[in-house]
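Descriptive analysis of the structure
If you want the building blocks of each chain, they are given just below.
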Amino acid sequence: MLIDLLSGLFDLLQLLIGAVFTLTYMPAASMYPLMTMKYFQGTVSQAGLIEAIYSTAICGVVAVLMPITRQYDIRLHQKLAKLTEQPDK
C-alpha cells in the first residue's frame, strides 16, 4: 500500500521535472535554425542540417540515459519495498 503511494509520487515527480525541462528548454532549441541563418549567415539547408544533427544527438542521449534511469528506478523500488515490509512478530 505505502510502496504504491511512494512509487506513484516518485513517478509524478519525474513527470513534473520532465514537463518543466521541456517548457524551459524547447523554446531555446527552436531558435537553432534562426541562429544558423541570421547570426552565422547560413542557408536554409544548413539550418535543416543543424536541426537534424540536434535531433539525432537528443535521441542518442536518451538512448544512453534510459537504461541508467531504469536501473535507478528498480533500485529505488527495492529500497521502498524494504522500508515498507512488515516486521515478523
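Residues numbered from 1 in each chain as written. Predicted model: local features only at pLDDT ≥ 70, side-chain atom pairs only at ≥ 80, totals over all residues. Heavy atoms only, no water.

Residue position: Thr 24 is located in helix H1 (residues 2-29). You can call Thr 24 exposed: its relative accessible area is 55%. A polar atom in the side chain of Thr 24 sits 3.1 Å from the backbone oxygen of Phe 21. (Helix = DSSP H or I, 4+ residues; strand = E, 2+ residues; numbered from the N terminus. Buried < 20%, exposed > 50% of the residue type's maximum accessible area, 1.4 Å probe, protein only. Polar contact = N/O pair within 3.5 Å; in protein donor to acceptor, adjacent residues only side chain to side chain.)

Bringing the packing of aromatic side chains into the picture now. Here the structure, examined in full by the defined rule, presents three aromatic pairs. Centroid distance Phe 21 to Tyr 25: 5.3 Å. Interplanar angle 15°. Geometry classified as stacked. Taken together, the positions of Phe 21 and Tyr 25, both in helix H1 and four residues apart, correspond to about one turn of that helix. Their ring planes at 90° and their centres at 4.9 Å tell us that Tyr 39 and Phe 40 sit as a pair that is edge-to-face. Judged by relative accessible area, which is 59%, Phe 40 ranks as exposed. (Phe/Tyr/Trp six-rings, centres within 6.5 Å; stacked < 30°, edge-to-face > 60°.)

Looking now at the confidence of the model for the protein chain. The pLDDT averaged across the protein chain works out to 82; a share of 89% of its residues lies at or above 70. When mean pLDDT is taken per element in the protein chain, helix H2 (residues 32-38) scores highest with 85 and H1 scores lowest with 80. (pLDDT = per-residue confidence, 0-100.)

Taken as a whole, the largest pocket spans an internal volume of roughly 290 Å³. What lines the largest pocket is Gln 14, Gly 18, Phe 21, Thr 22, Val 61, Val 62, Leu 65, Met 66, Thr 69 and Tyr 72. Of all elements in the fold, only H1 and helix H3 (44-84) reach the threshold of two or more residues within the lining of the largest pocket. Top contributing element to the lining of the largest pocket by residue count: H3, with six residues. Classifying every residue of the lining of the largest pocket by side-chain character gives six nonpolar, four polar and no charged. (1 Å grid on protein atoms, 1.4 Å probe; cavity = no way out; pocket = protein on both sides within 12 Å on 5 of 7 lines; lining within 4 Å. Points joined across faces, edges and corners; volume = space filled by probe spheres on them. Nonpolar A, V, L, I, M, F, W, Y, C, P; charged D, E, K, R; others polar.)

Compared with the 60 Å implied by 1.5 Å per residue over 41 residues, the 57 Å span of H3 between its first and last C-alpha is a close match. Maximal helix bending in H3 amounts to about 30°, located at Leu 65; proline Pro 67 follows within four positions. Restricting attention to buried positions, one finds in H3 the residues Ala 47, Tyr 54, Asp 73, Leu 76 and Leu 80. (Expected span 1.5 Å × (residues − 1). Bend = angle between axes of the 7 residues up to and from the residue.)

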